[in-house]
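Geometric and topological summary
Listed below, chain by chain, are the residues.
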Amino acid sequence: MGEIPQTMKDAIIVSRRLAVRYLWIDALCIIQGPDGDFQEEAALMQPVYSGSLFTIAAADASNPLEGCFRGREPLAYTDCRLHESEDEIIFVKAERTCKSEESPGHPDACMLNKRGWVFQERVLSPRTVYFGTHDLHWECRESLLCENYPEFENGSLIGHSQDQSPLKSIYHELISMSGGQREKAMSRFQGLWRRVLPPYRSTKLSHEDDCLSAIAGIVTFAQDLLGMHAAFGLWKDFLLDELCWFARYSAEEKVTHTQFNYVPTWSWMRIRRLDAISIENARMLPSQIEPLEVLYTAKITTPPVSTPFIQVRKLSRFDNSLRISGPMVSCQACSYSNILTPRG
């Protein structure tokens, strides 16, 4: 126990206090280093996390040495008695408020969930306990609760709405794709993927090489249940739509490209992740008119080869070519806000 980081020690304490016999820690259960089994195990994260009881999250720890637990002033959480007599008791009640989404320790704002590898852990795990700076949060596939409001009341939540776990609800949608017609299931996955990719790309990875590996556990649903294939992070089953991605950034930002030059320019992986740059899809832009039908004037004449969700450096052996045919028109780029501005 003396040689392992504090966060791992705290995870052992939590497991023992809750009478949980087995504990999975990636850094201990996966052999690290160039001769390890990281790549093989990365593809198996889906059953590991989706089959767990819960995940322990050191919400605001910047490294494994800081641990899960934080010192707190107990008086801030205790009712203060000011006066007591036979007739009355006067006290100041401790404030019980849940921290907002922007506050440290909240699942949507905590330091931990800004890490790329944690994204799929949060999606796949049925329950997560967040040990934050100020309070504890419990997130499951139905709700988000904090220690100040830990209970349901009449089927609804106190302090949080029941719609505050959008990432965890993705799991239910993924596993429900196994039944029914394949075309309908793929269409559902297409909409789901557009909810997954932008928030994932807003996270940070210590190694750019892990861009695909870090979501391998999520994409196994599409691969195993629907038999879908991808090419450099884009799904070939609706590739024309996938090619409509774009990077949103301010005029002051400079776009930089990945260090892996063999990643094709038609893949969103080509853009290096930056705080002020987000990857979005043009088909997801808000519209005041609901289209009746989508017509494609282009077609894929030479599709790209299928590539797995592995470390990016291992993709160099795959051909990155793609050929599209279709009519070409002259156009002029303008901001999206100008498109919506009424004329005349």
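Within every chain, residues take consecutive numbers counted from 1 along the sequence as written. In keeping with the predicted nature of the model, local features appear solely for residues at pLDDT of at least 70, side-chain atom pairs appear and are counted solely at 80 or more, and the whole-chain, interface and lining totals rest on all residues. No hydrogens and no water enter the side-chain calculation; it runs on all heavy atoms of the structure.

**Remarks on the pairing of strand β5 (residues 136-140)**
Bridge count for strand β4 (residues 127-131) against β5 is 5 bridges, and the pairing is antiparallel. Bridge assignment links Val129 to a residue of β5, and that residue is Trp138. DSSP bridges decide pairing: two strands pair if at least two such bridges lie between them. The helix and strand labels rest on DSSP assignments: H or I over at least four residues marks a helix, E over at least two residues marks a strand, and numbering proceeds from the N terminus. Joining the antiparallel neighbours β4 and β5 is a turn of 4 residues. Turn length for the β5-strand β6 (residues 144-146) hairpin, with the two strands adjacent in sequence and antiparallel, is 3 residues.

**Overview of unusual backbone geometry**
One non-glycine residue, Ala19, adopts positive backbone phi at about 60 degrees. Among the structural elements, Ala19 can be located in the loop between α1 (6-17) and α2 (26-29). Only protein chains enter the calculation, and the probe is 1.4 Å; a residue is then buried if its accessible area is under 20% of its type maximum, exposed if over 50%, and partly exposed in between. With a relative accessible area of 70%, Ala19 lands in the exposed category. Positioned with a positive phi, Phe232 is a non-glycine residue whose angle comes to about 50 degrees. Along the polypeptide, Phe232 turns up in the loop between β9 (230-231) and β10 (234-235). Judged by its relative accessible area of 0%, Phe232 falls in the buried class.

**What about the sheet that holds β5?**
Here 4 strands make up an open sheet; going across it, the order is β1-β4-β5-β6 and the pairing mixed. Lying at the two open borders of the sheet, with one neighbouring strand each, are β1 (55-58) and β6. Pairwise comparison of adjacent strand axes, ignoring direction, gives a mean angle of 20 degrees for this sheet. Inter-axis angles, ranging from 0 to 180 degrees, are taken between N-to-C directions of lines fitted to C-alpha atoms, where helices are fitted over the stretch in contact.

**Quick look at the packing of aromatic side chains**
Each Phe, Tyr or Trp ring (for Trp, its six-membered ring) is paired with any other whose centre lies within 6.5 Å, and the angle between the two planes then decides the class: stacked below 30 degrees, edge-to-face above 60, tilted in between. This structure, assessed with the given rule, holds 9 aromatic pairs. Consider the rings of Phe119 and Tyr200, whose centres lie 5.7 Å apart with planes at 55 degrees: the pair is tilted. In this pair, Phe119 sits in helix α5 (residues 116-124) while Tyr200 sits in helix α7 (residues 182-201), placing the two residues 81 residues apart along the sequence. Of the residues examined, Phe119 reaches a relative accessible area of 5% and is grouped as buried. Within the aromatic cluster, the residues linked to one another by ring pairs are Phe189, Trp193, Trp235 and Phe309. Only lysine NZ and arginine CZ atoms are considered, and such an atom sits over a ring when it is within 6 Å of the ring centre and within 35 degrees of the ring normal. Its end group placed over the ring of Tyr171, Arg141 keeps NZ or CZ at 3.7 Å from the ring centre.

**Here's the deal with the nonpolar core**
Side chains of nonpolar character tend, in soluble globular proteins, to be buried together. Residues grouped as a nonpolar core are buried Ala, Val, Leu, Ile, Met, Phe, Trp, Tyr and Cys residues, joined through side-chain atoms within 4.5 Å. Among the nonpolar cores identified, the biggest contains 50 residues, and Phe189, Trp193, Trp235, Met269 and Phe309 are the most heavily contacted of them. For this core, the element with the highest residue contribution is α7, accounting for 8 residues. Dropping the residues within four chain positions of it, Trp235 is found in contact with Phe189, Trp193, Val219, Ala222, Gln223, Met228, His229, Ala230, Glu242 and Phe309. Phe54, Ala61, Cys68 and Val129 belong to the second-largest nonpolar core, a separate cluster that totals 8 residues. The contact rule is simple, with two residues in contact once any of their heavy atoms fall within 4.5 Å.

**Focus: the pattern of salt bridges**
Salt bridges are identified by distance alone: a Lys or Arg side-chain nitrogen within 4 Å of an Asp or Glu carboxyl oxygen. The tally for this structure, following the rule as stated, stands at 8 salt bridges. Measuring nitrogen to oxygen at the nearest pair gives 3.0 Å for the salt bridge that ties Glu139 to Arg122. Note that Glu139 is positioned in strand β5 and Arg122 in helix α5, a separation of 17 residues in sequence. The same class applies to Glu139 as to Arg122, namely buried.

**Remarks on α1**
The span you would expect from a helix comes to 1.5 Å times its residue count less one. Between its first and last C-alpha, α1 extends 16 Å over 12 residues, near the 16 Å set by a 1.5 Å rise per residue. Those residues of α1 that sit buried are Thr7, Met8, Lys9, Asp10, Ala11, Val14 and Ser15. For α1, the elements touching its buried residues are α2, β1 and β4. After α1 finishes, the residue Ala19 shows a positive phi value of roughly 60 degrees.

**Quick look at the confidence of the model for the chain**
Residues of the chain with pLDDT of at least 70 account for 81%, and the chain-wide mean is 81. Per-residue confidence from the prediction method is given by pLDDT, with values spanning 0 to 100. Here strand β8 (residues 156-157) stands out as the element of the chain with the lowest mean pLDDT, 47, in contrast to β9, whose mean of 96 is the highest. Segment residues 153-159 is flagged for pLDDT under 50; beyond a separation of four residues in sequence, or across chains, it makes 13 contacts in the model.

**Structural notes on the packing of α7 against helix α8 (residues 216-226)**
Direction vectors running N to C along α7 and α8 enclose 170 degrees, while the axes themselves pass 11 Å from each other. Here α7 is positioned roughly antiparallel relative to α8, judged by the angle of their axes. Every residue of α8 that contacts α7 at Arg182, Ala185, Met186, Phe189 and Trp193 is listed here: Val219, Ala222 and Leu226. Note on angle classes: values under 35 degrees are labelled roughly parallel, values over 145 roughly antiparallel, values of 65 to 115 roughly perpendicular, and the remainder oblique.

**Some details on the environment of Ser206**
If you trace the backbone, Ser206 turns up in the loop between α7 and α8. On the basis of relative accessible area, Ser206 is assigned to the exposed category, the value being 75%. Separated by 89 residues in the primary sequence, Ser206 and Trp117 place their C-alpha atoms 9.4 Å from one another.

**Things to note about α7**
Compared with the 28 Å implied by 1.5 Å per residue over 20 residues, the 27 Å span of α7 between its first and last C-alpha is a close match. The complete set of buried residues in α7 reads Ala185, Met186, Phe189, Gln190, Leu192, Trp193, Arg194, Val196, Leu197, Tyr200 and Arg201.

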